[in-house]
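# Geometric and topological summary
Here's the letter readout for the chains.
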Amino acid sequence: MAIYLTRFSYTPETWARMIENPEDRREAARTYIESVGGKLHGFWYAFGEHDGWNLWEAPDNVSMAAVALAIGAGGALSSIETTVLLSVEDTMEALKKAKSIRYRPPGRRRGHCFRCELMTSASRSVLQGPPNCGYRCGES
C-alpha cells in the first residue's frame, strides 16, 4: 500500500465551531481511510501555512483520491493537498529506471548531452572544438 501525506486548512467557520465544541478529529479521519481499506498513521495540527497534517496508507491512488474528494467536498476545509510518498526502495528503483530514459529537454541541440551543454555555456572561451564530457555525450 502507498503512503500519503495530506496537508489541510480549516475555514474560519470550522475553527469557530471547533472552539465552541472541541472535537478530536483523529477518529473521523481513521473512519474515512478505513472505509477504503487504508490506515491512519498520524494526525497533527500545526502552525504555519497549513492547519493540520495527516499521514495515511491507502491501497491505491483512486482510494486515496476518493477520501480526499469526500473530505474536501464537506465544506469544512479551505484547502487540502495530498502527496504520494515514495519509500527509499521505490525511489532507488525509479532512479535505476530513469537512467535508461533518453530525455532531451525542449530547445536543446541534438547530439549534445546536458553536461556538454553546461560545459559549452559555462566556458565557451576555454573550449576548443566540440565539447565532450564523456558522459552520454552524443545522446539526443
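Structure's up top.
Model, not experiment: these values are computed from the prediction. (Residues numbered from 1 in each chain as written. Predicted model: local features only at pLDDT ≥ 70, side-chain atom pairs only at ≥ 80, totals over all residues. Heavy atoms only, no water.)

This part covers the pattern of salt bridges. Summed over the entire model, instances satisfying the criterion amount to five salt bridges. A salt bridge links D24 to R26; its shortest N-O distance comes to 2.6 Å. Here D24 falls in the partly exposed class, since its relative accessible area comes to 44%. (Salt bridge = Lys/Arg side-chain N within 4 Å of Asp/Glu carboxyl O. Buried < 20%, exposed > 50% of the residue type's maximum accessible area, 1.4 Å probe, protein only.)

Let us now look at the side chain of S9. Looking at where S9 falls in the secondary structure, it is placed in strand β1 (residues 2-10). At 3.4 Å, the side chain of S9 and the backbone oxygen of E49 are in polar contact. (Helix = DSSP H or I, 4+ residues; strand = E, 2+ residues; numbered from the N terminus. Polar contact = N/O pair within 3.5 Å; in protein donor to acceptor, adjacent residues only side chain to side chain.)

Note: α-helices contain 3.6 residues per turn, so residues at a spacing of three or four share the same orientation. Of the positions making up helix α2 (residues 26-34), those classed as buried are A28, A29 and I33. In an axial view of α2, the angular spread of the buried residues amounts to 130°, which keeps them on one side of the axis. On its buried side, α2 packs onto β2 (39-45), β3 (52-58) and α3 (61-73). (Arc of directions from axis to C-beta. Contact = heavy atoms within 4.5 Å.)

With that out of the way, let us pick up the packing of aromatic side chains. Under the defined criterion, the tally for this structure stands at seven aromatic pairs. An angle of 65° between the planes, with centres 5.3 Å apart, marks the rings of F8 and Y10 as edge-to-face. Here Y10 falls in the buried class, since its relative accessible area comes to 8%. On the numbers, 5.1 Å between centres and 90° between planes, the contact of Y10 with W15 is edge-to-face. (Phe/Tyr/Trp six-rings, centres within 6.5 Å; stacked < 30°, edge-to-face > 60°.)

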